[in-house]
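Spelled out, the chains give:
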Amino acid sequence: MVYLTRKAEFSASHYYHNPDFSPEENRRVFGKCNNPNGHGHNYTLEVTVKGEVDPRSGFVVDLKQLKEVMHREVLDAMDHRFLNKEVPEFSTRIPTTENLAIAVWQRLETKLQKARLHRVRVYETPDLFADFYGEQ
Amino acid sequence: MKAHLTRRYRFSASHRLHSEQMSAQENRATYGKCNNPFGHGHNYVLEVTVSGQVDPSTGMVCNLVDLDGVVEREVLSRYDLSNLNGLQEFAQVVPTTENLSIEIFEILQRGFAQAHLDRVRLEETMMNSFEYAGESEPRH
């Protein structure tokens, strides 16, 4: 089994807000991230796939295809967007780094050919990242 | 759903690698330049990974403010700009980065209850790093 990771970058804005919380509770739980006008990050996405090396091609996965799927399913939808308002998953889920990693996994999981998804890592900043391995 | 969250922190400290159980010659052979009696320093980078179910009401594994608070209070304020050899936990234990990783893991395991502590990873320089995950193997 070989693991292969592809990186991509996208920039987006978001804010944290739970409509079931009072304004005070939202401010207490989410702090500055609760500002309704949002704020932005340069996100780095790492997608790790796993599989056996094809003896004929020497590939675990066709990297060009992986890149195309990542662009089509994730970057086209999220790059230069306001996540809360423009990405459907986040109309009901708060766009935290954890939920972003889960959303990216769900967008990619059924679209990959041959290789299986191993991990989605989303860096919100160089000092903060979330990993999702598809665990319930 | 279960997610894993990693936060990076920085601190600077000095240490000297020297074992009382070895002769002067053996210490020099084992630790080389790190055995210099006056010690030397590093800019450490600490990575703390925690995991748990993502709370649907917050979208979070745990509140980062809580994690930052515990790391600041229990780890950074203790080790930043310190001489590790002078601290109680390294009176009998050589302050290698391996032992420092274990110490930090145990401090956080005692002090942080809001999520499961997966592992601690400590970069001594850009070229070397150490990981400790308690009894479990770290996940890559």
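Please read these numbers as outputs of a predicted model, since none were measured by experiment.

Participant: An account of the nonpolar core is needed here, citing residue identities and associated values.
Facilitator: In this structure, Phe11(B), Leu46(B), Val50(B), Tyr79(B) and Ile104(B) are the most contacted members of the largest nonpolar core, which totals 65 residues. With seven residues, helix H4 (residues 97–108) of chain A is the single largest residue contributor to this core. Filtering out sequence-adjacent residues up to four positions away, Ile104(B) remains in contact with Phe11(B), Leu46(B), Val75(B), Tyr79(B), Val120(B) and Leu122(B). Membership of the second largest hydrophobic core comes to six residues, among which are Tyr16(A), Val29(A), Ile94(A) and Met60(B).

Participant: Report on the confidence of the model for chain B, specifying residues and quantitative values.
Facilitator: As a general rule, the predicted coordinates of low-pLDDT regions are not to be interpreted in detail. For chain B, per-residue confidence averages 95 on the pLDDT scale, and residues scoring 70 or more make up 98% of the total. Scoring the predicted complex yields pTM 0.91 and, for the interface, ipTM 0.89.

Participant: Account for the pattern of salt bridges, with residues named and values stated.
Facilitator: A side chain of one charge can pair with a side chain of the opposite charge if their charged atoms are brought near each other. This structure, assessed with the given rule, holds 18 salt bridges over all chains. Here Lys2(B) makes a salt bridge to Glu135(A), at a shortest N to O gap of 3.9 Å. With one member in each of two chains, Lys2(B) in strand S1 (residues 2–15) and Glu135(A) in the segment after strand S5 (128–132) form a pair that bridges those chains. Residue Lys2(B) is classed as partly exposed on the basis of its relative accessible area of 26%. Measuring nitrogen to oxygen at the nearest pair gives 2.8 Å for the salt bridge that ties Arg7(B) to Asp68(B). In this pair, Arg7(B) sits in strand S1 while Asp68(B) sits in helix H2 (residues 64–79), placing the two residues 61 residues apart along the sequence. Judged by its relative accessible area of 18%, Arg7(B) falls in the buried class. Ionic contacts of the salt-bridge type, sharing partners, join the residues Asp127(A), Arg8(B), Arg10(B), Glu47(B), Arg119(B), Arg121(B), Glu123(B) and Glu131(B) into one network.

Participant: Please provide a residue-by-residue account of the interface of chain A and chain B, values included.
Facilitator: For interface size, the figure often reported is the accessible area lost on association. Contact residues are listed per partner, giving 23 residues for chain A and 22 residues for chain B. A buried area of about 2100 Å², summed over both sides, lies between chain A and chain B, and 53% of it is on carbon and sulfur atoms. Taken as a group, Glu98(A), Asp127(A) and Phe129(A) account for 29% of the area that chain A buries against chain B, more than any other trio of residues on that side. Ionic pairing is found between Arg10(B) and Asp127(A), a salt bridge with its closest N-O pair at 3.1 Å. Inspection of the chain A/chain B interface yields eleven residue pairs in polar contact (both at pLDDT 80 or more). Among the secondary structure elements, those contributing two or more residues to the side of chain A that touches chain B are helix H1 (23–30), H4, strand S4 (116–125) and S5 of chain A. Looking at the side of chain A that touches chain B element by element, the count peaks at five residues for S5(A). Split by residue class, the side of chain A that touches chain B holds twelve nonpolar, six polar and five charged. Two strands pair when backbone bridges link them, and S5(A) and S1(B) are joined in this way by four bridges, in the antiparallel orientation. Looking across to S1(B), one finds that Phe129(A) is bridged to Thr6(B).

Participant: Summarise the pairing of S1(B); cite the residues concerned and give the values.
Facilitator: All names here are of chain B. Most of S1 is tucked away, with ten of its 14 residues classed as buried. Of the strand pairs in this sheet, S1 and strand S2 (residues 40–53) are connected by 14 bridges, and their pairing is antiparallel. Bridging from a neighbouring strand, Tyr-9 pairs with Leu-46 of S2. Inspection of the sheet shows S1 paired to strand S3 (residues 82–83) by two bridges, in the parallel sense. Across the sheet, Ser-14 pairs through a bridge with Asn-83, a residue of S3.

Participant: Run through the pairing of S2(B), naming residues and quoting values.
Facilitator: Residue and element names in this part refer to chain B. For S2, the buried fraction is high: ten of the 14 residues fall into the buried class. By the bridge criterion, seven bridges tie S2 to strand S4 (residues 116–125) in an arrangement that is antiparallel. The residue bridging Ser-51 from the neighbouring strand is His-116, located in S4.

Basis of the calculations
Residues numbered from 1 in each chain as written. Chains lettered and ligands numbered in written order. Predicted model: local features only at pLDDT ≥ 70, side-chain atom pairs only at ≥ 80, totals over all residues. Heavy atoms only, no water. Core = buried A, V, L, I, M, F, W, Y, C linked by side-chain atoms within 4.5 Å. Buried < 20%, exposed > 50% of the residue type's maximum accessible area, 1.4 Å probe, protein only. Helix = DSSP H or I, 4+ residues; strand = E, 2+ residues; numbered from the N terminus. Contact = heavy atoms within 4.5 Å. pLDDT = per-residue confidence, 0-100. Salt bridge = Lys/Arg side-chain N within 4 Å of Asp/Glu carboxyl O. Buried area = accessible area lost by both parts, 1.4 Å probe. Polar contact = N/O pair within 3.5 Å; in protein donor to acceptor, adjacent residues only side chain to side chain. Nonpolar A, V, L, I, M, F, W, Y, C, P; charged D, E, K, R; others polar. Pairing = 2+ DSSP bridges.

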